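Summary of the model geometry
What follows is each chain in one-letter form.
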Amino acid sequence: MTAEAAFTRIGVVGAGAWGTALAQLFAGNGADVVLWARRAAVADGIAAARENRDYLPGVALHERVRATHDLAALATVDAVAFVTPIQAARPHIAALERVAPIGVPVLLCSKGVERDTHALLTEVFAEVWPAAPRAVLSGPSFAADVARGMPTAVTLACADDALAARWSASLAAPHFRPYRSRDLVGVELAGAVKNVLAVAAGVAEGRGLGASARAAVIARGFAELARLAGALGAEPETLTGLSGLGDLVLTATSTQSRNMVLGRALGAGETLEAHLAGRRTVAEGAAAAAGVVALGRKAGVDLPICAAVADLVAGARTLDAIVADLLARPLPDAEHPARRGD
């Protein structure tokens, strides 16, 4: 693969921490980057300070990164990284289609399940902007680590090998290694479900249930992910790789994880509304939980841990009742998810 294969003008839609980190990565690889912010104040602040003080403070941005609130500034890009949270994605996709070049490839970098439709982001794009060639980026990565040049490895899923090569050339750096896959379903589903499981792991910690309970939540949650992914046609290797097990371990164990921190707060008795009040960042696990359970119901797959998170964030059951119900589940015949798993 040669440097000439990389995209030279990249638009990044979403100026949160992850979008800003990716803009920094693309610029460091020689691309001119247009970083679009939903709020004009964020774009103006980035332009003035050469730093995203709202979402990624302390990181001086590359001179090739240009922030804007005007989506029309993406009219001349040759690729787009879409980093808008999935719950707000649909109108932004429609607006982007109207201004972006015809056939521009899009890298989907947001994780979750759309609340009303239970659709993954690739499915939302297929409905709203079907002509855009799509790839998915996911894996164990924190924005601050990537922006500061800390070693990171992720999964890049794309059905088109030539397009995957161009995205790889645009992303790859000494500290950032994208491993290629063709399994868009597995990569995207793992990115959505692991956030829900991270909330559950945080609840176990916040409730003071002990390290053994948290480990059991992560392991049995992974079994739920494997069953659901298998039912939806994902490749088993995806689940044991970076975008599956790797991302789950990171998100369910680190205090940098918004989803784990949310779960810990819920486990300690804080309400969802109180925890989210005044926060700029999004914990997608809370919004995705009900959608993940709906996907499982449609596929005929039981997801007790994900269902527990969905009930908790919806206020359908108390935490004490949820823990009691999980502990009272019938003893399984076997641990392996292919045989039974619960």
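A brief look at the structure comes next. (Residues numbered from 1 in each chain as written. Predicted model: local features only at pLDDT ≥ 70, side-chain atom pairs only at ≥ 80, totals over all residues. Heavy atoms only, no water.)

Sheet architecture is open: 8 strands sit in the order 3-2-1-4-5-6-7-8, paired in mixed fashion. Each edge of the sheet is formed by a strand with only one pairing partner; in this case those strands are strand 3 (65-68) and strand 8 (176-181). Neighbour-to-neighbour, the strand axes of the sheet open up by a mean angle of 25°, direction not taken into account. Against the sheet, helix 7 (residues 184-206) makes contact with strand 6 (134-138), strand 7 (152-157) and strand 8, and its axis sits at roughly 40° relative to strand 6, the strand it touches most. (Pairing = 2+ DSSP bridges. Helix = DSSP H or I, 4+ residues; strand = E, 2+ residues; numbered from the N terminus. Axes fitted to C-alpha atoms, helices over the stretch in contact; angles between N-to-C directions. Contact = heavy atoms within 4.5 Å.)

As a further point, take the nonpolar core. Ranked by internal contacts, the top residues of the largest apolar core, which has 45 residues, are Val193, Leu266, Val292 and Cys306. Counting residues per element, the ones that place at least two in this core are helix 7, helix 8 (211-231), helix 10 (242-253), helix 11 (258-267), helix 13 (284-299), helix 14 (304-314) and helix 15 (319-327). By residue number, the principal contributor to this core is helix 7, which donates 12 residues. Not counting residues up to four positions away in its chain, the partners in contact with Leu266 are Val199, Val203, Thr271, Leu272, Leu312, Val313 and Leu319. (Core = buried A, V, L, I, M, F, W, Y, C linked by side-chain atoms within 4.5 Å. Buried < 20%, exposed > 50% of the residue type's maximum accessible area, 1.4 Å probe, protein only.)

On to helix 4 (residues 121-128), then. Among the residues of helix 4, Leu121, Thr122, Val124, Phe125 and Val128 are the ones counted as buried. Buried residues along helix 4 cover an arc of 160° about the axis, so they all sit on one side. Elements that come into contact with the buried residues of helix 4 comprise strand 4 (79-82), helix 3 (89-99), strand 5 (106-108), strand 6 and helix 7. (Arc of directions from axis to C-beta.)

This brings us to the pattern of salt bridges. Applying the stated rule across the entire model yields 12 salt bridges. Three or more residues are tied together by salt bridges with common partners; here these are Arg90, Glu114 and Glu127. (Salt bridge = Lys/Arg side-chain N within 4 Å of Asp/Glu carboxyl O.)

A separate point is the side chain of Arg227. On the secondary structure map, Arg227 appears in helix 8. Engagement of the side chain of Arg227 in a polar contact is seen with the backbone oxygen of Asp302, the distance being 3.0 Å. (Polar contact = N/O pair within 3.5 Å; in protein donor to acceptor, adjacent residues only side chain to side chain.)

Right, let's talk about the environment of Leu312 for a bit. Mapping Leu312 onto the fold places it in helix 14. Looking at Leu312, the relative accessible area reads 18%, which means it is buried. The sequence separation of Leu312 and Ala229 amounts to 83 residues, and the corresponding C-alpha distance is 23 Å. The residues contacting Leu312, other than those within four sequence positions of it, are Val203, Leu266, Arg317, Leu319 and Ile322.

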